[in-house]
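As a plain string of letters, each chain reads:
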Amino acid sequence: MTLVDVFSGGAAPPQSRTETEGARRRRRGAYALLTPSVILVIGVFVVPLALMLWRSFTDPVAGFGNFTWYMGDEVQRRVLLRTFTTGLEVTVICLVLGYPYAYAMVAFGPKVRAMLTLLVLVPFWTSLMVRTFAWVILLQDNGPAHTILSLIGLGDVQLIRTNLGVVIGMSQILLPFMVLPLYAVMAGIDRKLVLASSSLGARPLTSFIRIWAPLTMPGVGAGALMVFISSLGFYVTPALLGSPDNALISQQIYVQVNSLLQWGRGAAMGVVLLLLTFVVLAVLMLALRRASRQEQSS
Amino acid sequence: MIRRSTTFWRALLLAFCAAVAVWLVAPSLIVVPLSFTDRASFNFPPSGWSAQWYTNFFTDPSWLWSLEASLRVGVLVAIVATVCGTAAAVAFSRTRFFGEQGLRALLLAPMIVPVIVVAIGIYAIYLRLNLLGTTLGFVVAHSVLALPFVIVPVLASLQGFDRRLEDAAAICGARRWTTFRTVTLPLVAPGVLSGALFAFATSFDEVILSLFIQSPYLQTLPVRMYSSVTRDTDPTIAAAATVILALTTALTVLASIITIRRSRVH
């Protein structure tokens, strides 16, 4: 109870005299209900992050040493660039496959919709480890994918231990994160707007570009955000489908901390990854907000 | 003319979706036939069939313990995260208070921050507190990751719920806890239940954080699989993957039934 008092006493706005006893009790109850979650998040989320930030500046010696090393290292710069391009490729593939899929979920009858929803939810729930392992089998040298590619005459294509293999696996694993927000937005759009535009003489392509595409933009943004941000922190899939030569940033962090015991450098890379995630998040959120404001004003 | 072209486009769209659906579901299914291979290799398709990898999975203590550890941690995480998360969601939904936005962002942040970044921090702390490879350590760490996946569905079901029912119960003389237990909880139960399922799945799936906080004495199933894949060619992994696949498919079906029921109620 003391912690709740600290919370409400320190944080609550000055209580006006007109405030009822019930309202005050409710607010105090809200803080009490939040206490377990807040303790959990502070203990195993905020403190670890703070510790990592501290270590990035102090381990092994105080200063910016870890960050200057990171900025100056040619290999790390290439890894960072690769992490970004891989994320972009995965996002584009997911959008190209996911947009028509989500559209079909709203365009066809309830039976098709239920079927398509179930088919996107099953992989969503399937263990990441299982799906990555399946891709290891499919993409292995002389594996099924290799055989199929040779049969259609594409010859000897190395898939596992390449960036192409990583992109294939990651885009399959992240596709539901694109489809579900797209579907949520498309389901809320009044489809009569498209009918109206075509009854006013717009060709299908025109009404798609002028009406449907702008209205679905929030879904595209949310889906792209989910896929891209998840891809920045992916570890298991690139570790098993790629190779150390085409590692992504999270693999490098793991190596620094677990194999080289370079805590400071690993922590500094963690800080960089965290900052990049927030920058991407902020930029996309701003773009989305501006887009929705423009839509309202026009 | 126009009608013919639209049927053509609809057929094309359906064909495209069928292809995408195959792309979504089929790759994972490859582990099922592989788990029945007769040789200690990942060659596909297998040259002959046997059930020896299942025998191995269910008799080798290291595999069995990791399955048991995953189930134990998963159930405990589901309990801890559901209790904490439901309480938080109730707090967010019932009244406005100072710092509400900030606290909400704080509690949902574990969903966005890359897990590896949190993982190194937790690893450093657990090293010092001797929590590596302990059930307590796993449950606490997984619960933080699972918390947002409870808060979001519970909050959603609380927002679609008529607050006056609670007032009515209070007017009839029910105490706050009685009101919560007999009025609020039954109405938000589907949200709470899907939150609990999400929490279990989050923990059951988690690899990267678990890789850091594991020890030879406690490995969850995905960690056991991961270290096995990187070490050797052992089709027992495929048997383990099939067991997980069966379990998660059962969970998905359960969750879909809950969702369908919920949409019917409203």
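Cut-offs applied
- Residues numbered from 1 in each chain as written.
- Chains lettered and ligands numbered in written order.
- Predicted model: local features only at pLDDT ≥ 70, side-chain atom pairs only at ≥ 80, totals over all residues.
- Helix = DSSP H or I, 4+ residues; strand = E, 2+ residues; numbered from the N terminus.
- Buried ≥ 20, exposed ≤ 12 C-beta atoms within 10 Å, placed from the backbone.
- Expected span 1.5 Å × (residues − 1).
- Domains from an automatic or database assignment.
- Contact = placed C-beta atoms within 7 Å.
- Nonpolar A, V, L, I, M, F, W, Y, C, P; charged D, E, K, R; others polar.
- Axes fitted to C-alpha atoms, helices over the stretch in contact; angles between N-to-C directions.
- Parallel < 35°, antiparallel > 145°, perpendicular 65-115°, else oblique.
- Left-handed = near helix turned anticlockwise from the far one by under 90°.

Observations regarding the environment of Glu-206 of chain B
Residues and elements named next belong to chain B.
Moving on, step 1. Take Glu-206: it is sitting in the loop between helix 9 (176-205) and helix 10 (208-213).
Moving on, step 2. For Glu-206, a count of 28 C-beta atoms within 10 Å corresponds to the buried category.
Moving on, step 3. For the pair Glu-206 and Ala-88, spaced 118 residues apart in sequence, the C-alpha separation works out to 23 Å.

Quick look at helix 6 (residues 128-139) of chain A
Because an α-helix packs 3.6 residues into every turn, residues spaced three or four apart end up facing the same way.
Residues and elements named next belong to chain A.
Moving on, step 1. Given a rise of 1.5 Å per residue, 12 residues ought to cover 16 Å, and the 16 Å separating the end C-alpha atoms of helix 6 matches this to within 8%.
Moving on, step 2. The buried fraction of helix 6 is high, at 11 of 12 residues.
Moving on, step 3. The set of residues buried in helix 6 consists of Met-129, Val-130, Arg-131, Thr-132, Phe-133, Ala-134, Trp-135, Val-136, Ile-137, Leu-138 and Leu-139.

Remarks on the domain arrangement of chain A
Residues and elements named next belong to chain A.
Moving on, step 1. What the domain assignment reports for chain A is domain 1 (2-58) and domain 2 (65-297).
Moving on, step 2. Between the C-alpha centres of domain 1 and domain 2 the distance comes to 35 Å.
Moving on, step 3. On the domain 2 side, the residues contacting the four residues of domain 1 number seven residues.
Moving on, step 4. Residue classes in the side of domain 1 that touches domain 2 are distributed as two nonpolar, one polar and one charged.

Quick word on the packing of helix 7 (residues 135-159) of chain B against helix 9 of chain B
Residue and element names in this part refer to chain B.
Moving on, step 1. At their nearest, the axes of helix 7 and helix 9 sit 8 Å apart, and the two run at 160° to each other. Accordingly, the angle class assigned to the pair helix 7 and helix 9 is roughly antiparallel. Both helix 7 and helix 9 take part in a crossing whose hand is right-handed. Together, His-142, Leu-145, Ala-146, Phe-149, Val-150, Pro-153, Val-154, Ala-156, Ser-157 and Leu-158 of helix 7 and Val-188, Pro-190, Gly-191, Val-192, Ser-194, Gly-195, Phe-198, Ala-199, Thr-202 and Ser-203 of helix 9 make up the contact between the two elements.
Moving on, step 2. Grouping the amino acids of the contact of helix 7 with helix 9 by side-chain chemistry returns 13 nonpolar, seven polar and no charged.

A look at helix 12 (residues 249-259) of chain A
Moving on, step 1. The buried fraction of helix 12 of chain A is high, at eight of 11 residues.
Moving on, step 2. Within helix 12 of chain A the residues assigned to the buried category are Ile-249, Ser-250, Gln-251, Gln-252, Ile-253, Tyr-254, Gln-256 and Val-257 of chain A.

Comments concerning the interface of chain A and chain B
A common measure of how large an interface is: the accessible area buried when the components associate.
Moving on, step 1. Listed as interface residues are 67 residues of chain A and, on the opposing side, 65 residues of chain B.
Moving on, step 2. Ranked by residue count, the leading element in the side of chain A that touches chain B is helix 2 (residues 21-58) of chain A, at 18 residues.

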